[in-house]
Amino acid sequence: MAARLIDDDPELAHQHALAASRSAGRVGVVRETVAITAYAVGDFALALRELRTHRRITGSDEQLPLIVDSERGVGRPDRALEEGRAVDRSTLAVPVRVQLAIAMSGARLDLGETERALQELEIPEADPDRAFEWSPALFSARAAVLEELGRHEEASEWERRAQIAADALDAAAGVADREVIVVEEIDLIDDEGGVDVASGVIPVDEDVDVDAAVASDDDAVDGSAEGDIDDRAGEREDER
């Protein structure tokens, strides 16, 4: 129920998670779900407590980005950076590593370290010509930092790239049986510059040569570090 309700009614989702914790408090996914719903309703202190418990139970660093962001939520950006640096990032799954970069960049912004915030986002996954499920959030984060730096044209370009990636992912929905979907260069644009996304083509400026590859990742976690609950919680619930 928490997984079903988190997007539309996070408060009620949180109540369901708390109810589960009263009867199954030693189950890792239960504590993880309490943490995610607590984060969604803005109770960052509870989210931190539950995330640490989840980590002790499971030994997993999968929710490290949420730990970093929750430290930011309680006003401890320095501690957030310490948490993020304490783990070898090469051991993390790619989607988790991307989310961590975004959270670390946010902590740098909290401290007024804008240039270093941009450096946190200088990761190989920040490829503007390839769209993965984490790409829209990563590109938007980069755009936000560039805006803070006064580099408005670059910021606009990265925000445009974020939208292109989102459109490409939407167009690829329903073809999960294909590992990679190549979106060919645009050559069919209407008079107003619009494109039918459902056709599998995404809009770009005519002077931009883009071959966007859209890939799905079997080990993906939720592309946002902004509190969206992981679909795995619902899948594990179904398995039980």
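Residues numbered from 1 in each chain as written. Predicted model: local features only at pLDDT ≥ 70, side-chain atom pairs only at ≥ 80, totals over all residues. Heavy atoms only, no water.

### Some remarks on the overall build of the protein chain
What counts is decided by this rule: The numbering of helices and of strands both runs from the N terminus, where a helix is a DSSP run of H or I of at least 4 residues and a strand a run of E of at least 2. Exposed residues in this analysis have more than 50% of their type's maximum accessible area, buried residues have under 20%, and partly exposed residues fall in between, with area computed by a 1.4 Å probe over protein chains only. What makes two residues a contact is simply this: any of their non-hydrogen atoms within 4.5 Å. We get accessible surface area from the Shrake-Rupley algorithm with a probe of 1.4 Å; when it comes to residues, only the shown protein chains can shield them.
Of regular secondary structure, the protein chain possesses 11 helices and 3 strands. Its helices and strands in sequence order give the protein chain the pattern α-α-α-α-α-α-α-α-β-α-α-β-β-α, from N to C terminus. Across the 240 residues of the protein chain, 44% fall into the buried class. The long-range fraction of contacts in the protein chain, counting pairs at least 24 apart against all pairs at least 6 apart in sequence, stands at 60%. Roughly 12,500 Å² of accessible area belongs to the protein chain as shown, and the carbon and sulfur atoms make up 44% of that amount.

### Remarks on the packing of helix 2 (residues 10-23) against helix 3 (residues 28-40)
Test applied: Axis geometry follows a simple rule: fit a line to the C-alpha atoms, using only the stretch in contact for helices, then measure angles between N-to-C directions, giving values from 0 to 180 degrees. Just so you know how the angles are binned, under 35 degrees is roughly parallel, over 145 roughly antiparallel, 65 to 115 roughly perpendicular, and the rest oblique. Each crossing is labelled by how the near helix is turned from the far one, with a counterclockwise turn of less than a right angle marking it left-handed and a clockwise turn marking it right-handed.
Viewed as axis vectors pointing N to C, helix 2 and helix 3 meet at an angle of 155°, and their least axial separation amounts to 9 Å. In terms of axis orientation, helix 2 runs roughly antiparallel to helix 3. Once helix 2 is placed against helix 3, the crossing between them reads as left-handed. Contacts between helix 2 and helix 3 involve P10, A13, H14, A17, L18, A20 and S21 from the former and V30, T33, V34, T37, A38 and A40 from the latter.

### Points about the pattern of salt bridges
The cut-off we apply is this: Whenever a carboxyl oxygen of Asp or Glu lies within 4 Å of a side-chain nitrogen of Lys or Arg, that contact is scored as a salt bridge.
If you walk through the whole model with that rule in mind, you get 21 salt bridges. One salt bridge connects E71 with R76, and the closest N-O pair in it is separated by 2.8 Å. One salt-bridge network, held together by shared partners, links R52, R55, D61, E71, R76, R79, E82 and E83.

### Some details on helix 7 (residues 94-110)
Put simply, the rule is: To estimate the expected span of a helix, subtract one from its residue number and multiply by 1.5 Å.
With 17 residues, helix 7 extends 25 Å from end C-alpha to end C-alpha; this agrees with the ideal 24 Å at 1.5 Å per step. Burial within helix 7 is extensive, with 13 of its 17 residues counted as buried. After helix 7 finishes, the residue G112 shows a positive phi value of roughly 80°.

### A short note on the packing of helix 4 (residues 44-58) against helix 5 (residues 64-73)
Under the convention used in this document: For this classification, Asp, Glu, Lys and Arg are treated as charged, while Ala, Val, Leu, Ile, Met, Phe, Trp, Tyr, Cys and Pro are nonpolar and the rest, including Gly, are polar.
Direction vectors running N to C along helix 4 and helix 5 enclose 150°, while the axes themselves pass 9 Å from each other. In terms of orientation, helix 4 lies roughly antiparallel with respect to helix 5. For the crossing formed where helix 4 meets helix 5, the hand is left-handed. Note on element contacts: helix 5 touches helix 4 through L64, L66, I67, S70, E71 and G73, opposite F44, A47, L48, L51, R52 and R55. Of the residues that constitute the contact of helix 4 with helix 5, the class distribution is 7 nonpolar, 2 polar and 3 charged.

### Topic: the nonpolar core
Selection criterion: Residues grouped as a nonpolar core are buried Ala, Val, Leu, Ile, Met, Phe, Trp, Tyr and Cys residues, joined through side-chain atoms within 4.5 Å.
Within the largest apolar cluster, 22 residues are counted, with the highest numbers of intra-cluster contacts made by V98, I102, L121, I123, L138 and F139. Ranked by residues supplied to this core, first place goes to helix 9 (residues 135-148) with 6 residues. Beyond its immediate stretch of four places on either side in the chain, I123 contacts V98, A101 and L138. One finds I36, L51, V96 and L100 within the second-largest nonpolar core, a separate group that totals 21 residues.

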